[in-house]
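Secondary and tertiary structure notes
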Amino acid sequence: MELKKQYTLVEDALQTIGVDPELARCEGDGQWMVERGETEIYIDIWQPETRNQWEYFQDDKPAAVFQIVAPVCYLPDNVEDMERFYEEILYINHHMFYGSFTVNAEEKMAVIGFKRLLEGCNRVEMIEPIESIGYYAENLSTFLSEKYGLKKVEKNS
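Our subject in this report is the structure included herewith. (Residues numbered from 1 in each chain as written. Predicted model: local features only at pLDDT ≥ 70, side-chain atom pairs only at ≥ 80, totals over all residues. Heavy atoms only, no water.)

**With respect to the overall build of the chain**
As a reminder of what qualifies: Only DSSP runs of H or I with at least four residues qualify as helices, and only runs of E with at least two residues qualify as strands; both kinds are numbered from the N terminus onward. For this measure, only C-alpha atoms enter the radius of gyration; the expected value for a globule follows 2.2 Å times N^0.38, where N is the number of residues. Exposure categories follow from relative accessible area, calculated using a 1.4 Å probe and restricted to protein chains: below 20% of the type maximum is buried, above 50% is exposed, and the middle band is partly exposed. Contacts were defined at the residue level, with two residues in contact if any of their heavy atoms lie within 4.5 Å.
Assigned secondary structure in the chain consists of 4 helices and 5 strands. When the elements of the chain are put in sequence order from the N terminus, they spell out α-α-β-β-β-α-β-β-α. Relative to a compact globule of 157 residues, whose C-alpha radius of gyration would be 15 Å, the chain shows 16 Å and is just as compact. If one aligns the C-alpha atoms of the chain with their principal axes, the spans along those axes are about 50 × 35 × 30 Å. When burial is assessed residue by residue, the chain has 43% of its 157 residues classed as buried. A separation threshold of at least 6 residues defines the contact pool for the chain, and within that pool the share at least 24 residues apart is 63%.

Put into structure tokens, the structure is as follows:
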């Protein structure tokens, strides 16, 4: 799949929500970063080179992906808080639209993400998850940080 055409689609979506696509572009092709308050939202389009065991579709060639990720907060240090925290984010997952929590164990961080196949994705189907992930990450960062005494993930700027 030719991805350059899809880059234009993402940039149209960004313009629609009031973001200058040129300012949002990152160094690599198919990467953008948008800020919502104190939250950074990372948007990526890419074509995997090899299939992995978790792919839903079983084609010969891996499908191109549209993904959004926003850091929320660092993980609790102690086991008791960690168990309560994990239970809470799993409960929250059930209520979110266009996103779910995942944990980056290497960076000891909770993030909210969205991923879908790029094929057939239109501008509106890009806008809704960008807005949703930003909303959840911004609000849940404050809520979870205060409730569990966690450090928020600071912007890289």
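**Some thoughts on the sheet that holds strand E2 (residues 39–46)**
We count it as follows: Two strands qualify as a pair provided DSSP detects at least 2 bridges between them. Lines fitted to the C-alpha atoms define the axes, with helices restricted to the stretch that makes contact. Angles between their N-to-C directions range from 0 to 180 degrees.
If you trace the 5 strands from one edge of the open sheet to the other, you get E1-E2-E3-E5-E4, paired in antiparallel fashion. Every interior strand has two partners, whereas the edge strands, strand E1 (31–36) and strand E4 (100–104), have only one. Going across the sheet, the axis of each strand differs from the next one's by a mean of 30°, ignoring polarity. The sheet contact formed by strand E3 (residues 65–74) and strand E5 (residues 109–117) spans 9 bridges and is antiparallel. By the bridge assignment for E5, Ala 70 is matched with Ile 112. The sheet strands contacting helix H4 (residues 123–148) are E1, E2, E3, E4 and E5, and the helix crosses E3 at an angle near 10°.

**A word on the environment of Pro 48**
Relative to the elements of secondary structure, Pro 48 occurs in the loop between E2 and E3. In the structure, Pro 48 is positioned 16 residues away from Ala 64 in sequence and 6.6 Å away in space, judged by C-alpha atoms. Residues in contact with Pro 48, not counting those within four places in the same chain, are Pro 62, Ala 63, Ala 64 and Val 65.

**Topic: the pattern of salt bridges**
Spelled out, the test is: A side-chain nitrogen of Lys or Arg and a carboxyl oxygen of Asp or Glu constitute a salt bridge if their distance falls within 4 Å.
Taken as a whole and judged by the stated rule, the model has 6 salt bridges. A salt bridge links Arg 116 to Glu 125; its shortest N-O distance comes to 3.4 Å.

**Considerations on the pairing of E4**
Pairing geometry for E4 and E5, over 5 bridges, is antiparallel. When the bridges of E5 are listed, Asn 104 appears paired with Met 109. Count of turn residues in the E4/E5 antiparallel hairpin: 4 residues, of which Lys 108 carries a positive phi of about 55°.

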